[in-house]
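Residue-level structural notes
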Amino acid sequence: MKAFMNEEFLLTTETGSRLFHEYAENCPIIDYHNHLSPKDIFERRRYENLTQLWLECDHYKWRCMRVCGVAECYITGEASEFEKFLAFAQIMPRLIGNPVYHWAHLELRRYFGINTPLNADTAKDIWDKTCAMLSGDGYDAVSLLGKMQVKVLCTTDDPADDLCWHLKLAQDNSVPFKTLPSFRPDRFLHIDQQPWKTALSQLGDRYGEITDWSSLLAALGKSLDFFCACGCRVTDHGFIRFRYAVGDPAPVMAKAIAGESLTEEEISVYQGALLRFLAAEYEKRDLAMQLHLGPIRNNSPRLFATFGADAGADSIGAATDPFMLSAFLGDLEKSDTLPKTILYNLNPADSAMLATMAVNFSSNGAKVQYGAAWWLHDHIRGISEQLDQLMETGFISASVGMLTDSRSFTSFTRHEYYRRILCDKLGALVERGEYPCDMEFLGSMIQDICYRNAETWFGF
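What comes next concerns the included structure. Quantities reported herein were computed from a predicted structural model and do not represent experimental measurements.

Cut-offs and rules
Residues numbered from 1 in each chain as written. Predicted model: local features only at pLDDT ≥ 70, side-chain atom pairs only at ≥ 80, totals over all residues. Heavy atoms only, no water. Helix = DSSP H or I, 4+ residues; strand = E, 2+ residues; numbered from the N terminus. Buried < 20%, exposed > 50% of the residue type's maximum accessible area, 1.4 Å probe, protein only. Contact = heavy atoms within 4.5 Å. Areas by Shrake-Rupley, 256 points an atom, 1.4 Å probe, with all protein chains shown as cover. Lys, Arg positive; Asp, Glu negative; His and termini not counted. Charge placed at Lys NZ, Arg CZ, Asp CG, Glu CD. Expected span 1.5 Å × (residues − 1). Polar contact = N/O pair within 3.5 Å; in protein donor to acceptor, adjacent residues only side chain to side chain. Core = buried A, V, L, I, M, F, W, Y, C linked by side-chain atoms within 4.5 Å. Pairing = 2+ DSSP bridges. Axes fitted to C-alpha atoms, helices over the stretch in contact; angles between N-to-C directions.

1. Comments concerning the overall build of the protein
- When helices and strands are counted, the protein shows 20 helices and 10 strands.
- Projected onto its principal axes, the C-alpha positions of the protein cover 65 × 55 × 45 Å.
- Buried positions account for 58% of the 460 residues belonging to the protein.
- For the protein, the share of sequence-separated contacts (at least 6 apart) that also reach a separation of at least 24 residues comes to 77%.
- Surface accessibility of the protein: about 18300 Å² in total, with carbon and sulfur atoms responsible for 52%.
- Of note, the protein has its 44 positive side-chain charges centred 2 Å away from the centre of its 61 negative side-chain charges.

Given below as structure tokens:
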């Protein structure tokens, strides 16, 4: 029996252990999709305790607490910070097999040197030790990222954002990594959702009034120019439902502005036209396009009314229509406007489809990629399945690796989690005689997947 989460955690073979410790463990990190605050980075925010650091906005942990019966006052409510931490600690032993259990303990080990399992009995001692450490040097937001050798991180930013904190960070030579904006036009894509009109108004305030289709495209183009001037290399798109059709979007947009209801076909025409425009602009500027497919968001009316979006009430939605996705990528290919693209799925039914779809459009190297296990898939089984799909139907050696998709400054141990699973999987192939024991080649390939591929592919 192995010791609890020791140095061989998730490593079941000697070859896998060597690959991790000799090649993957100390690779720098490029985190090309997260929700960290550039303001907190620039201001070098300090955290007084683990509630502020862990529980302030982590919907993964909130979901665990709710399903274990913790009252909302101890999650997003008015309980004291220690009471909230204690409530989380009390449910930890019940999270057997949950990635949150592993992540929390990896974070205690890597950031604080604490190997003790977190539970109700150990909570006060761990609280006191971490509070003391957080009050000292080396635990501000910049230092926490530095501990994990982060070299580049890409935040998530609306086209109407003024990017003021990114501009300030670009002038701060004391920050040892790049913090770059990502262009995320979700509000503009979902013409059938309430935030759409607000988005038009806010973007119009910055780049000129938006009254029709042509003025929308002009404003988005100006926003993209501004993002690129601020170092943007990545774009991101989250779909409630991926829709695609070809047609004239101008009358559809006119109806939406007038407050008229739209048909499913009209929504698909609008979204398809805007996606084609954006993709062409991305290709022109050599920006990568990320497509996050398959969630259903804000399922709980109670939580949405009391807390708002991102409360932890999101789940797996419908499978993506492969014919629509193929038509979209095919139309871009025909017009020579297909940018570098990453496809992510939340519905596991999409895994094989997206892995094989990516290969269809990757004649120019790995231009279209099947992305890392995302959100409700970034557990051992989900990561393992994504790697299997890449090996069996895709091209794992060209993969750009893992991301955190996180709002927490200590979430970067998730890269270690991924790297351990990757090395164990490749090591097992060697030990079963399915691949030669060429450690130099395998080690270099693992370093490519963990770091170098992302550096080259995104152009960082």
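2. Brief notes about helix α16 (residues 322-334)
- The end-to-end C-alpha separation of α16 is 18 Å, in line with the 18 Å expected for 13 residues at 1.5 Å each.
- Residue D321 occupies the N-cap position of α16, its side-chain oxygen lying 2.8 Å from the main-chain nitrogen of F323.
- Two residues or fewer past α16, D336 is found with a positive phi of approximately 55 degrees.

3. Quick look at the nonpolar core
- W54, L118, L274, F328 and F458 are the most contacted members of the largest nonpolar core, which totals 154 residues.
- When residues no more than four places from it in sequence are discounted, the contact partners of F328 are F242, Y244, L275, R276, A279, M289 and L291.

4. Re the pairing of strand β5 (residues 234-239)
- Among the six residues in β5, six count as buried, and that is most of the element.
- The alternating pattern of β5 places V234, D236 and G238 and T235, H237 and F239 on opposite faces, both of which are buried.
- Relative to β5, strand β4 (residues 182-183) runs parallel, the two sharing two bridges. Paired with S182 across the strands is V234, a residue of β5.
- Alignment of β5 against strand β6 (residues 288-293), held across six bridges, turns out to be parallel. Following the sheet pairing, G238 is matched in β6 by H292.

5. Describing the sheet that holds β6
- Judged by pairing direction, the sheet is parallel, and its five strands sit side by side in the order β4-β5-β6-β9-β10 without closing on themselves. The open sheet has two edge strands, β4 and β10 (368-370), and neither has a second partner.
- One ladder, built from three bridges, connects strand β9 (residues 341-345) with β10; its direction is parallel. Residue T341 lies in a different strand from β10, and its bridge partner there is V368.
- Contacts from helix α14 (residues 264-285) reach β4, β5 and β6 within the one sheet, and its direction differs from that of β5 by about 165 degrees.

6. Side note on the sheet that holds strand β2 (residues 150-154)
- Taken together, the three strands give an open sheet; going across it, the order is β1-β2-β3, and neighbouring strands pair in parallel fashion. A strand with exactly one partner marks an edge of an open sheet, and here the two such strands are β1 (29-31) and β3 (178-180). Neighbour-to-neighbour, the strand axes of the sheet open up by a mean angle of 5 degrees, direction not taken into account.
- With three bridges joining them, β2 and β3 adopt parallel strand pairing. Residue pairing in the sheet places C154 in a bridge with L180 of β3.

7. Brief notes about the pairing of β6
- Along β6, six of the six residues are buried, which leaves the element largely enclosed by surrounding structure.
- Of the two faces of β6, the one holding A288, Q290 and H292 and the one holding M289, L291 and L293 are both buried throughout.
- As paired elements, β6 and β9 share five bridges and run parallel to each other. Residue L291 lies in a different strand from β9, and its bridge partner there is L343.

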